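As a plain string of letters, each chain reads:
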Amino acid sequence: MTNSELIAKLNNLKSIDPDQKWLESNRELLLSQVSNSGAETLSTWRVIFINVSSVMKSAAQPVYALGAFVLLLLTGSLFSGQLLASTKPNDSLYIARILSEKVKLNTTFDSTARNRMEMKFASSHAQDITAVLADPAFNNEENKDQVAKLNNSFSEEVNTVKESISRLNAAIVPAAKTGDEVVIADSSKDAQGIQVADGSALNAAVATIAASAQPAISATATLVVPAGMNLKATSAEIAASSTEIAEPTAADKMIDEAIQLFSSKDYEKASDKLKEVSETIK
Amino acid sequence: MSINLVRKFKDKQTLSKLKSRDKEAFIRVYDDNVKDIHRFVYFKIGSREEADDLTSMIFLKAWNHIQNKTLENAKTLRALLYKIARNAIVDYYRETGNKVTASLDDEENRIEIIDEAENPQERLDRAADLELIKAKLPFLKEEYREIIIMKFINDLSLEEIAEISEKSKGNIRVLLHRALNALRELVEQDAKKN
């Protein structure tokens, strides 16, 4: 006999039940005994309360754990950013701030945005360093080593700001150059090979075409004029880009001034200069 | 998982109602479990009359335990009932001063299973098999008998058996294996004799 055969036979013993009459009489007997000991029928409100509390109790482990996790995530994301942003280089949480910033940088895929963010972070670090060094309670003989480290960190951060600005500059210049020549993207104009250098050249071209050409080309010319207006707008954008290109140069000068102020231990003014750099880049 | 959650909810609900002295909940617990508990007691002590009395007492004790908030360590209501049943059987043995090792089989309690699909010969063979198993169960070690009843007759899960017996699941698996082997040997010995 195999085990499975034996188990099958054992399963058949489930058919052995108590006598039905005994079951019923015992049921009545127990009910009366229980009633005598204070059992009652519960009110509807009591039943509802029990049902709700049973749901809470039975769902306790998975649901409460999930709720706590979600709450932790929410509060963490809401408050940790603010909390970390306010940490200073001499705080124990400063490393967490650096890590969170690195995560942000590594998860930003647009190179311009990343450069801006990197510049902003480095500038903020440099400002924090000046703020810490401006505090006489910290900047004293006791913390000589830490002060030296912060001085080095300041140089590194300022270099990072400079590098970020130069990368931003390099990214803006080619974009601005492509704006010098505007190709009209209308298919009918492409067929005629019309390319316009800038707003005034365009108007001259339009005038030439309108004077000499056939009626069909005149019609095309009327279409070109409104496009010329767009080109004027593009010219305005080019001008704006030129200002942007000019700003990093000014920012470079401001950074140099900040470095000089920092070297002369005028931390507050150095910090103000760095703020100006940030605002200029914005 | 959802089935477990529903079962857990129902168990908590019933237990809360019982704590609030709800007699309807008590009767529901009785209707749901009386046959299993009676079978458990019957196969353990071997007497139908004694099993009737003990089963009745077990349900009353369960009610009192819930009202007095004793035996709160049971995770489920079913485990609570089985724990009380085990204790009641131990008390019974202590009072009577003997353990039942004789056959459960008697003329009054012959098993009658009627299955229309079976022919008379098959039915007779099956009844004979059952009688054989029923007769051999009392000769098993107490521990083996208990675990076989809970697992293969009353369909308790390994977790429930482990909780009732206060043993680990691994321990229960080993015991089940040994118990089945011991029962098979008894049945095969009997077959060789015949």
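Residues numbered from 1 in each chain as written. Chains lettered and ligands numbered in written order. Predicted model: local features only at pLDDT ≥ 70, side-chain atom pairs only at ≥ 80, totals over all residues.

### Brief notes about the overall build of chain A
Phase 1: Across its full length, chain A carries eleven helices and two strands.
Phase 2: Sequence-ordered secondary structure for chain A, helices as α and strands as β, is α-α-α-α-α-α-α-β-α-β-α-α-α.
Phase 3: For chain A, with 282 residues in total, the buried portion stands at 19%.
Phase 4: Once local pairs closer than 6 in sequence are excluded, the contacts in chain A between residues at least 24 apart make up 68%. (Helix = DSSP H or I, 4+ residues; strand = E, 2+ residues; numbered from the N terminus. Buried ≥ 20, exposed ≤ 12 C-beta atoms within 10 Å, placed from the backbone. Contact = placed C-beta atoms within 7 Å.)

### Structural notes on the overall build of chain B
Phase 1: Check the secondary structure of chain B and you find eight helices and zero strands.
Phase 2: For chain B, the N- to C-terminal ordering of α and β elements is α-α-α-α-α-α-α-α.
Phase 3: Counting across all 194 residues of chain B, residues that qualify as buried make up 36%.
Phase 4: Sequence separation of at least 24 residues holds for 64% of the intrachain contacts in chain B that already meet a minimum separation of 6.

### Looking at the nonpolar core
Phase 1: In terms of nonpolar packing, the biggest core is built from 52 residues, with Phe26, Val41, Ile58, Ala62, Leu81 and Ala85 of chain B touching the most fellow members.
Phase 2: If one sorts the elements of this core by residue count, helix α2 (residues 23-45) of chain B sits on top with eleven residues.
Phase 3: Counting 22 residues, the second largest nonpolar core, distinct from the first, contains Phe121, Val161, Ile165 and Leu168 of chain A. (Core = buried A, V, L, I, M, F, W, Y, C linked by C-beta atoms within 7 Å.)

### Points about helix α2 (residues 20-36) of chain A
In an α-helix, one full turn covers 3.6 residues, which means residues spaced three or four apart are oriented alike.
Phase 1: Between its terminal C-alpha atoms α2 of chain A stretches 25 Å, which fits the 24 Å expected from 17 residues at 1.5 Å a residue.
Phase 2: Its buried side turned inward, α2 of chain A meets α2 and α3 (48-68) of chain B.
Phase 3: Among the residues trailing α2 of chain A, Gly38 of chain A stands out with phi positive, at a value near 105°. (Expected span 1.5 Å × (residues − 1).)

### Some words on the confidence of the model for chain A
Residue and element names in this part refer to chain A.
Phase 1: On average, residues of chain A score 74 in pLDDT, and 70% of them are at 70 or above.
Phase 2: Within the model, the stretch residues 179-198 combines pLDDT values under 50 with 27 contacts to residues more than four positions away or in other chains.
Phase 3: Low pLDDT (under 50) marks residues 242-246, which in the prediction has six contacts with non-local residues, meaning those over four places away or in another chain. (pLDDT = per-residue confidence, 0-100.)

### Examining unusual backbone geometry
Residues and elements named next belong to chain B.
Phase 1: The phi dihedral of Asp155 is positive, around 60°, even though this residue is not glycine.
Phase 2: Among the structural elements, Asp155 can be located in the loop between α6 (142-153) and α7 (158-165).
Phase 3: For Asp155, a count of 11 C-beta atoms within 10 Å gives the class exposed.
Phase 4: A positive phi angle, close to 55°, is found at Glu166, a residue other than glycine.
Phase 5: Positionally, Glu166 belongs in the loop between α7 and α8 (169-193).

### So, the confidence of the model for chain B
Phase 1: Summing up the model confidence of chain B, the mean pLDDT is 82 and the portion of residues at 70 or higher is 82%.
Phase 2: The complex model carries a pTM of 0.52, and its ipTM stands at 0.78.

### Some details on the interface of chain B and chain A
Phase 1: Taken together, the 38 residues of chain B in the interface contact 37 residues of chain A.
Phase 2: Among the secondary structure elements, those contributing two or more residues to the side of chain B that touches chain A are α1 (2-19), α2, α3, α5 (120-136), α6 and α8 of chain B.
Phase 3: A per-element tally of the side of chain B that touches chain A places α2 of chain B first, with nine residues.
Phase 4: Among the residues making up the side of chain B that touches chain A, the classes are represented as 19 nonpolar, five polar and 14 charged. (Nonpolar A, V, L, I, M, F, W, Y, C, P; charged D, E, K, R; others polar.)

### Re the packing of α2 of chain B against α3 of chain B
Residues and elements named next belong to chain B.
Phase 1: One can describe the packing of α2 onto α3 by two numbers: an axis separation of 9 Å at closest approach and a directional angle of 140°. With respect to α3, the axis of α2 lies oblique. Considering the relative orientation of α2 and α3, their crossing is right-handed. For the pair α2 and α3, the contacting residues are Phe26, Tyr30, Val34, Ile37, His38, Val41, Tyr42 and Ile45 in the first and Arg48, Glu50, Ala51, Leu54, Thr55, Ile58, Phe59 and Trp63 in the second.
Phase 2: Partitioned by chemical class, the residues of the contact of α2 with α3 number twelve nonpolar, two polar and two charged. (Axes fitted to C-alpha atoms, helices over the stretch in contact; angles between N-to-C directions. Parallel < 35°, antiparallel > 145°, perpendicular 65-115°, else oblique. Left-handed = near helix turned anticlockwise from the far one by under 90°.)

### What to know about the packing of α6 of chain B against α8 of chain B
Residues and elements named next belong to chain B.
Phase 1: Between α6 and α8, the shortest axis-to-axis distance is 9 Å and the interhelical angle comes to 100°. Taken as axis vectors, α6 and α8 run roughly perpendicular relative to one another. Contacts from Glu143, Tyr144, Ile147, Ile148 and Lys151 of α6 reach α8 at Ile172, Leu175, Leu176, Arg178, Ala179, Ala182 and Leu183.
Phase 2: Across the contact of α6 with α8, the residue classes break down as nine nonpolar, no polar and three charged.

### Observations concerning the environment of Met57 of chain B
Phase 1: Looking at where Met57 of chain B falls in the secondary structure, it is placed in helix α3.
Phase 2: Along the primary structure Met57 of chain B and Ala88 of chain B are separated by 31 residues, whereas in three dimensions their C-alpha atoms are 8.2 Å apart.

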